[in-house]
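A closer look at the structure
These are the residues of each chain, in order.
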Amino acid sequence: MYEIARRVLSLRSEPPRDVVVTVGVPYEEPTGEWSCPYRIDGLAGWEHERKVTALDSLGAVELALAMTRAAVAGSHEAKEGLLSWEDVTSGGQARTVYVTWDKERDIAYIAMKHEIVPGEAVRQVVAEDVVLDYEDSGRLLGMELINAASRLPSEMRL
């Protein structure tokens with residue numbers, strides 16, 4: 001299987017071991033439907049490749065992701081609290097941010113949540129061409145970038 005996605009989870013057992021979830025490249029079946037292979041190594045009974053089939057390639061990938069998540073979450077290891085989706089191995093957890101860019105003024109705002117209510121930002125810190133907005137608990141709400149065209153990667157300049 002040519003893999004397109006992989007996640008390694010830690011299984012808190014004696015001795016500790018990894019559980020590796022792999023999703024492969026979807027492919028078209030002779031019937032015109034699409035299949036997507038997947039595999040879970042480290043959980044009993046899942047050590048062989050399986051596949052799901054859907055009407056198109058995206059549907060097959062979505063179904064493979066749903067199947068692997070359900071299998072891992074439903075495993076006795078997860079039910080006993082030995083396996084967690086929240087184990088982060090590389091220094092952080094991905095977050096969604098919301099970017100708006102005023103091209104005329106060349107100012108972007110990167111918000112840490114979908115909507116910031118007026119008055120929610122109670123403290124601002126200015127550092128060079130960046131203004132950081134914080135809520136009363138000290139959590140970062142968002143940041144304003146001046147000269148955004150030179151600071152934002154191209155995929156964020158929408």
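Attention here is on the structure that accompanies the text. (Residues numbered from 1 in each chain as written. Predicted model: local features only at pLDDT ≥ 70, side-chain atom pairs only at ≥ 80, totals over all residues. Heavy atoms only, no water.)

This part is about the pairing of strand E6 (residues 98-102). Alignment of E6 against strand E7 (residues 107-111), held across five bridges, turns out to be antiparallel. Its bridge partner lying in E7, Thr100 is registered against Tyr109. (Pairing = 2+ DSSP bridges. Helix = DSSP H or I, 4+ residues; strand = E, 2+ residues; numbered from the N terminus.)

Moving on, we get to the side chain of Ser13. Position of Ser13 among the secondary structure elements: in the loop between strand E1 (3-11) and strand E2 (17-24). A relative accessible area of 18% places Ser13 in the buried class. (Buried < 20%, exposed > 50% of the residue type's maximum accessible area, 1.4 Å probe, protein only.)

Taking 1.5 Å of rise per residue, the 18 residues of helix H1 (residues 57-74) would be expected to cover 26 Å, and the 26 Å separating its terminal C-alpha atoms lies within 8% of that figure. Buried within H1 we find Gly59, Ala60, Val61, Ala64, Thr68, Ala71 and Val72. Where H1 is buried, its residues contact E1, E2, strand E4 (34-41), strand E5 (50-54) and helix H2 (76-79). (Expected span 1.5 Å × (residues − 1). Contact = heavy atoms within 4.5 Å.)

Moving on, we get to the sheet that holds strand E8 (residues 123-127). Reading across the sheet, the five strands line up as E6-E7-E10-E9-E8 and stay open at both edges, with antiparallel pairing between neighbours. Of all the strands in the sheet, just E6 and E8 have a single pairing partner and so form its edges. Within this sheet the neighbouring strands show an average axis-to-axis angle of 15 degrees, counted without direction. Inspection of the sheet shows E8 paired to strand E9 (residues 130-134) by five bridges, in the antiparallel sense. (Axes fitted to C-alpha atoms, helices over the stretch in contact; angles between N-to-C directions.)

Turning to its location among the elements, Ala73 is positioned in helix H1. Of the residues examined, Ala73 reaches a relative accessible area of 40% and is grouped as partly exposed. Separated by 10 residues in sequence, Ala73 and Leu83 place their C-alpha atoms 8.5 Å apart.

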